[in-house]
Structure formats: C-alpha cells, structure tokens
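Descriptive analysis of the structure
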Amino acid sequence: MGESELHLGWRTALLGATILQLLALAVTLAASDGVRVANRLLAALLIVIAGMLIPYAIGFAGFYDAWRGLTFLPVAISLAIGPLLWAYASTLDDGRPPRSLRRHLVPPAIQFAYSTGCFLLPLDAKWDWYTGGHRDWIDPVFEVATLISLAGYTWAAADVLRRRDDRLAQARSDDHRFAAGWLKAVWAALALGLALSLGFSAWSWLTGGIDFFQQTGLYLGLGLLGLWLGVGGWRHAGLPQAIPAEVEPDEQRTIERTAPDWTAVGAEVERRVRQGRWWREPELSLADLARRLGTNTGRLSRAINLGLGVNFSVFINGLRAEAVAEALRDRPAADLLDLAFEMGFASKASFNRAFRARFGLSPSEWRRGVSDSDYSSAAPDLRRDAGAQATG
C-alpha cells in the first residue's frame, strides 16, 4: 500500500450506504412476484447504478492511491442506464421486454468490454493509457454517448407512455389502476438523470473541467434517483399488466371490408350496455363487454370509437357519471363517493374526472344545481364531445 492511507470521510460513508441499499433493493426486486420480468430489469438497473457509484466511493476513500491497479475497474457502465430504464417501462406496458433489447444492450456491452480489457493491462501500460489516450479521447466519447443515450431513451419512454395511455383508454374502464402515475415517474427519472448529467457536463465544459470532488453532487443525485426508483419499483411490484393489442391484423382487415354503419352499431351497443347495466362493474374491460355482447374486441372497439365518437374508457365512465347524476336527483343528500363506488367507479380521482368530462361540472357543483329549479343538465352529446377531444 506504500505511503498512501485510506480515509473514510462523509462522501464514502454516504455513497457506501447508498450502494448497499441499492443492492438490497435489487435482491428484493429480483426475488419478488408480480411483474417479474420488469422487476428483474429494474433490479439490473439498480446494480448498474450501484456500479456507477463504486469508483467514487472507493476513490474518495483513497483506494486508487493505495492500489493503482484498481484503475479501469469495470463496474461503471453508464450506457446501460438508458436502455434498462426504457426496457423496464416497456415491460410494465405489455408484460414482455422489448424484442430489440439485446441490440440496445450492445453499447453498454462494448463499454464493459473496453473497461475490462483496460483493467487487465499491465500496471504501467494501464496508467499510461489512462492518463493519455483514454482521458483525452475515449472518456469524452463515453460521456457524450451517455448523454445521447439518456436523451434518446427519454424520448422513447415518452412514446411508451403515450401508447400505454391510448391502449388502456381503448380497452379498460378502470385504466387509472394501470397508468397510476408510476410509469410517468419512471419517465421522470430518465428525464431527471438526463438533466443532471447535462448540468454537470455543462459545468465542466464552461470551467475547463471539474475534478473528482466537484462531481460529488452528480453521484449523490444518481444514488438518490436509484433509491427512489428502487423503493417505487418495490411498492409497485404487483402493478397490473396493461392490455396487449387484441385486434389481430387479419381480423382488422375483415372488419374494414364489411364496413357496417358504425353509427347504428354504436347506438345498439349503447342501448344494450345501458339495458344490462354492465358499466357498474369496476373492472369492466373491452374484452369482458365483447363477450357479453357476443362479438369480438375489434368490432366493438370500432363501434364505440366510430359509432359513438369516444374511446372505451370515456364511454363506460360517462355512463357511470350519468348514473350518479340521476341518483343525485332522487338522493341529493347521499355521499358522493358512496354513489361513485355504487355506480362502478374505483377511485375518487377517476370519478371527478369522468363526471366533469360528461357534464362540464364537478359532482358537488352538479348536486348544488339539482335543487335549483332553473338549472338544466348538460347537452346529451356532451359526453361525445369530451370523448372526441380525449381521443383526438
């Protein structure tokens, strides 16, 4: 160890504790049930983040000064963060990892192979390369590649969010249970990681370079981001799976060839749903309703979208809102949330959102208007308009 001594300061203590917590969360997620594939992808991400912190934790303690052979320790694989977060979000969407995931993991594999190769070099050659070509050329390339990777996967995760919201609205009446906000938090983590990296890169560029200690905030921020994702992922480990696409290409072509009068078909669907009062089932899905009507999901989806001008979620929740409004005429003193649950809503937020979309008023505003003799309800086609805006 020579004349160098180890010193365990507050930076090492904080980063070390964070690393241990990240690894503990990774083990917990890898062993959990629920969305198992997604949980394992998140566990892999937490291990990658822990690996990013290790060189700084041991560096602040003086390990590199004591053992120069630790240079190029192959644990900091920054190019793996973006694809793993994107893959986790995609797997939460439909239960399967992206088919192209292996291709997306090629850049981090190259980064790992490069670090491993350099780590295995003889000590003198390793140090000469680290202080020469690597520092001048390779390290800046990896830094820029990491920023590009985070930006690209932030964009890709936003597309996953959009597709997920669209598919759920077309297939579920309880879509709030699936979208929940956790997937948006995952996207926010990517965006925050990008902003953090950009901020420190800009600082380095503007000042002509920042040293090891000045990067403390970057890695503490990365560690906190990892802990946030790990705890949130553990809490949402049992998140329900989204609904995969249910209309096969051949079925879709058949539907389009027949080209029925979708307005008439939609009206008949609405009549039968009102008559059956199936909208009172909190977890009603497009597939459930199709089975009750003796049709397929593709035809039913088009009847609702083209015939009624709304998506499935707006249609069913609109009927629930109408039922609550009607009940308030007979029971104006009834508890609003009790009525909402009675009519099939599963949460206060979805009830308030659907009621305002249907009537243009909050439930409490509607109830106040019921006792006003001059009050008139919203136009019958308001639900259609609100749905058209939502799907447009």
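Preceding this section is the structure that the text describes.
Keep in mind that what you see is a predicted model, and the values were worked out from it rather than measured.

1. Quick word on helix α14 (residues 297-308)
- With 12 residues, α14 should cover 16 Å at 1.5 Å per step; its first-to-last C-alpha distance of 15 Å lies within 8% of that length.
- The buried fraction of α14 is high, at 9 of 12 residues.
- Restricting attention to buried positions, one finds in α14 the residues Thr 297, Gly 298, Leu 300, Ser 301, Arg 302, Ala 303, Ile 304, Gly 307 and Leu 308.
- Downstream of α14 by one or two residues, Gly 309 has phi in the positive range, about 80°.

2. Some details on the environment of Ser 149
- The topology assignment puts Ser 149 in helix α7 (residues 123-171).
- Judged by relative accessible area, Ser 149 falls into the buried class, the value being 12%.
- C-alpha of Ser 149 to C-alpha of Pro 83: the two residues are 66 residues apart in sequence and 7.9 Å apart in space.

3. Points about the side chain of Ser 201
- Of note, Ser 201 is situated in helix α9 (residues 182-207).
- According to the relative accessible area criterion, Ser 201 is buried, its value standing at 17%.
- If near-sequence neighbours (up to four positions away) are discounted, Ser 201 is found in contact with Glu 143 and Leu 147.

4. Brief notes about the packing of helix α1 (residues 10-31) against helix α10 (residues 216-235)
- In the contact formed by α1 and α10, the axes pass within 10 Å of each other and the chain directions differ by 25°. Classified by the interaxial angle, the pair formed by α1 and α10 is roughly parallel. Crossing angle aside, the handedness with which α1 passes α10 is left-handed. Only Thr 216, Tyr 219, Leu 220, Gly 223, Gly 226, Leu 227, Gly 230, Val 231, Gly 233 and Trp 234 of α10 make contact with α1, whose side of the interface consists of Trp 10, Arg 11, Leu 14, Leu 15, Thr 18, Gln 21, Leu 22, Leu 25, Thr 28 and Leu 29.
- Class assignment of the residues belonging to the contact of α1 with α10 gives a composition of 11 nonpolar, 8 polar and 1 charged.

5. Here we look at the nonpolar core
- Leu 45, Tyr 88, Tyr 219 and Leu 229 are the most contacted members of the largest nonpolar core, which has 52 residues in total.
- Broken down by element, the residue count for this core peaks at 14 residues, all from helix α2 (residues 36-60).
- Ignoring anything within four residues of it in the chain, the contact list for Leu 45 reads Ile 81, Leu 84, Leu 85 and Leu 229.
- Ranked by size, the runner-up nonpolar core spans 38 residues in total, among them Leu 308, Ile 316, Leu 328 and Leu 336.

6. A few points about the pattern of salt bridges
- Taken as a whole and judged by the stated rule, the model has 13 salt bridges.
- We note a salt bridge from Asp 166 to Arg 162, for which the minimum N-O separation is 3.5 Å. Taken together, the positions of Asp 166 and Arg 162, both in helix α7 and 4 residues apart, correspond to about one turn of that helix.
- Residue classification places Arg 162 among the partly exposed positions, given a relative accessible area of 45%.

7. Concerning the environment of Trp 366
- Within the secondary structure, Trp 366 sits in helix α18 (residues 363-370).
- A sequence separation of 34 residues divides Trp 366 from Pro 332, and the C-alpha atoms of the two residues are 9.9 Å apart.

8. Observations concerning the packing of helix α12 (residues 262-276) against helix α15 (residues 312-330)
- Axis separation between α12 and α15 bottoms out at 12 Å; the angle between their running directions is 45°. What the angle tells us is that α12 and α15 run oblique. Where α12 crosses over α15, the two elements pack in a sense that is right-handed. For the pair formed by α12 and α15, the contact residues are Val 269, Glu 270, Val 273 and Arg 274 on the first element and Phe 315, Ile 316, Leu 319 and Glu 322 on the second.
- For the contact of α12 with α15, the per-class residue count stands at 5 nonpolar, no polar and 3 charged.

Parameters at a glance
Residues numbered from 1 in each chain as written. Predicted model: local features only at pLDDT ≥ 70, side-chain atom pairs only at ≥ 80, totals over all residues. Heavy atoms only, no water. Helix = DSSP H or I, 4+ residues; strand = E, 2+ residues; numbered from the N terminus. Expected span 1.5 Å × (residues − 1). Buried < 20%, exposed > 50% of the residue type's maximum accessible area, 1.4 Å probe, protein only. Contact = heavy atoms within 4.5 Å. Axes fitted to C-alpha atoms, helices over the stretch in contact; angles between N-to-C directions. Parallel < 35°, antiparallel > 145°, perpendicular 65-115°, else oblique. Left-handed = near helix turned anticlockwise from the far one by under 90°. Nonpolar A, V, L, I, M, F, W, Y, C, P; charged D, E, K, R; others polar. Core = buried A, V, L, I, M, F, W, Y, C linked by side-chain atoms within 4.5 Å. Salt bridge = Lys/Arg side-chain N within 4 Å of Asp/Glu carboxyl O.

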